[in-house]
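Here's the letter readout for the chains.
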Amino acid sequence: MGAARFTLPKTEGIGFWKLLGSGTGEGFTPIPNTAVYAILATWRSLEEAQKQTQTAPTYRKYQSHAVEHWTVVLTPSSVRGNWSNTDPFIAQTGENSGALAALTRATIKPKVALKFWRKVPAISSVIGDDPNVVFKIGVGEVPWFHQVTFSIWPDTKTMADFARKDGPHARAIKAVRAGEWFSEELYARFKILGSHGTWGGTDPLSRLPNQEVTP
């Protein structure tokens with residue numbers, strides 16, 4: 001991870017990028033998981049994204065050290081907020097009725113970090129029990145304070161039903177808003193364009209109805 005901070009910016013065509021660690025389990029804990037890492041990057045075109053995530057030196061080095069790797073290619077459909085004081089994603093398409101990915105990113109204020117993490121286990125349990133979520137993981141730039149959630153859903157309705165129904169997630173959102181727990185936040189939705197590799201032995205997108213998976 002440390003060395004990639006010097007090599008990844010030199011990758012041809014790369015735009016905004018972040019190197020991310022994960023928490024234990026599915027990532028929704030403050031305890032680091034030293035076995036799972038992620039690269040988030042933007043590219044000038046779909047063709048460049050598909051090529052570079054398979055052939056660029058940094059990606060190839062990661063893959064050579066991994067027992068398994070999975071890449072999903074997306075295009076933003078809606079974006080709200082900032083990441084590191086920048087606008088990393090530009091919405092390219094309107095909302096669609098098909099499968100979508102959702103990403104949330106927040107900088108947690110140090111004084112409320114413990115309050116935030118006390119609510120996370122209950123949220124993780126609820127999303128884990130939801131039969132509609134296709135994939136989910138919690139990752140982050142800095143343990144405890146810079147957190148990212150990434151999930152894939154079959155359609156907007158199933159994602160909205162989870163987010164809005166009364167429960168740990170809805171109550172946590174209310175607490176965040178009332179207490180102004182975040183100093184920076186970003187919410188984005190993406191249309192899924194394709195993927196390559198596997199996670200847990202299969203491509204998670206294979207669970208989506210009528211989803212074409214790019215080899």
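Visitor: Help me understand helix α3 (residues 57–64) in this model?
Guide: Since the α-helix packs 3.6 residues into each turn, any two residues three or four apart lie on the same face. Of all the positions in α3, only T58, Y59 and Q63 are classed as buried. In an axial view of α3, the angular spread of the buried residues amounts to 130 degrees, which keeps them on one side of the axis. The exposed set on the far side of α3, more than 90 degrees from its buried face, consists of P57, R60, K61 and S64. Its buried side turned inward, α3 meets α1 (4–7), β2 (32–43) and α2 (46–55).

Visitor: Explain the sheet that holds strand β3 (residues 70–81) here, please?
Guide: In a beta sheet, neighbouring strands are held together by backbone hydrogen bonds and run either parallel or antiparallel to one another. Taken together, seven strands build an open sheet; the order of strands is β2-β1-β5-β6-β4-β7-β3 and the sheet is antiparallel. Edge positions in the sheet fall to β2 and β3, since each has one partner strand and no second. Recorded for the sheet is a direction-independent mean angle of 30 degrees between the axes of neighbouring strands. Across eight bridges, the pairing between strand β1 (residues 14–23) and β2 is antiparallel. Bridged to K18 within β2 is L40.

Visitor: Looking at this model, I keep getting lost on the environment of T55. Mind explaining?
Guide: Relative to the elements of secondary structure, T55 occurs in helix α2. The exposure class assigned to T55 is partly exposed, which follows from its relative accessible area of 39%. A distance of 2.8 Å separates a polar atom in the side chain of T55 from the backbone oxygen of K51.

Visitor: Please explain the side chain of S151 as it appears in this structure.
Guide: Here S151 lies in strand β6 (residues 146–153). For S151, a relative accessible area of 11% corresponds to the buried category. Within polar-contact distance, the side chain of S151 engages the side chain of W153 at 2.8 Å. Apart from the residues lying within four places of it in its own chain, the contact partners of S151 are L100, A101, A102, V133, F135 and K136.

Visitor: Can you help me understand the packing of aromatic side chains in this one?
Guide: Within a pair of aromatic rings, the relevant descriptors are the distance that separates the centres and the angle that separates the planes. Throughout the structure, instances matching the rule amount to seven aromatic pairs. When the ring of F16 is compared with that of F89, the centres are 6.3 Å apart and the planes differ by 70 degrees; the resulting orientation is edge-to-face. Taken together, the residues F16 in strand β1 and F89 in the loop between β3 and β4 (100–108) connect sequence positions 73 residues apart. For the pair shown, F16 and F89 are each scored as buried. Ring geometry for F89 against F190: centres 5.2 Å apart, planes inclined by 85 degrees, an arrangement best described as edge-to-face. In this pair, F89 sits in the loop between β3 and β4 while F190 sits in strand β7 (residues 182–197), placing the two residues 101 residues apart along the sequence.

Visitor: Would you explain the environment of G140 in this entry?
Guide: Within the fold, G140 resides in strand β5 (residues 135–142). For the pair G140 and A106, spaced 34 residues apart in sequence, the C-alpha separation works out to 9.2 Å. Residues in contact with G140, not counting those within four places in the same chain, are L19, L20, G21, H146, Q147 and V148.

Visitor: It is not clear to me how unusual backbone geometry should be interpreted in this structure. Could you clarify?
Guide: Across residues other than glycine, the phi torsion is negative in most instances, and most of the peptide bonds are trans. Backbone geometry places S84, a non-glycine residue, at a positive phi of 55 degrees. The residue N85 is not glycine, and still its phi comes out positive at about 65 degrees. Secondary-structure assignment places N85 in the loop between β3 and β4. Residue N85 is classed as exposed on the basis of its relative accessible area, which comes to 73%.

Reading the values: rules and limits
- Residues numbered from 1 in each chain as written.
- Predicted model: local features only at pLDDT ≥ 70, side-chain atom pairs only at ≥ 80, totals over all residues.
- Heavy atoms only, no water.
- Buried < 20%, exposed > 50% of the residue type's maximum accessible area, 1.4 Å probe, protein only.
- Helix = DSSP H or I, 4+ residues; strand = E, 2+ residues; numbered from the N terminus.
- Arc of directions from axis to C-beta.
- Contact = heavy atoms within 4.5 Å.
- Pairing = 2+ DSSP bridges.
- Axes fitted to C-alpha atoms, helices over the stretch in contact; angles between N-to-C directions.
- Polar contact = N/O pair within 3.5 Å; in protein donor to acceptor, adjacent residues only side chain to side chain.
- Phe/Tyr/Trp six-rings, centres within 6.5 Å; stacked < 30°, edge-to-face > 60°.

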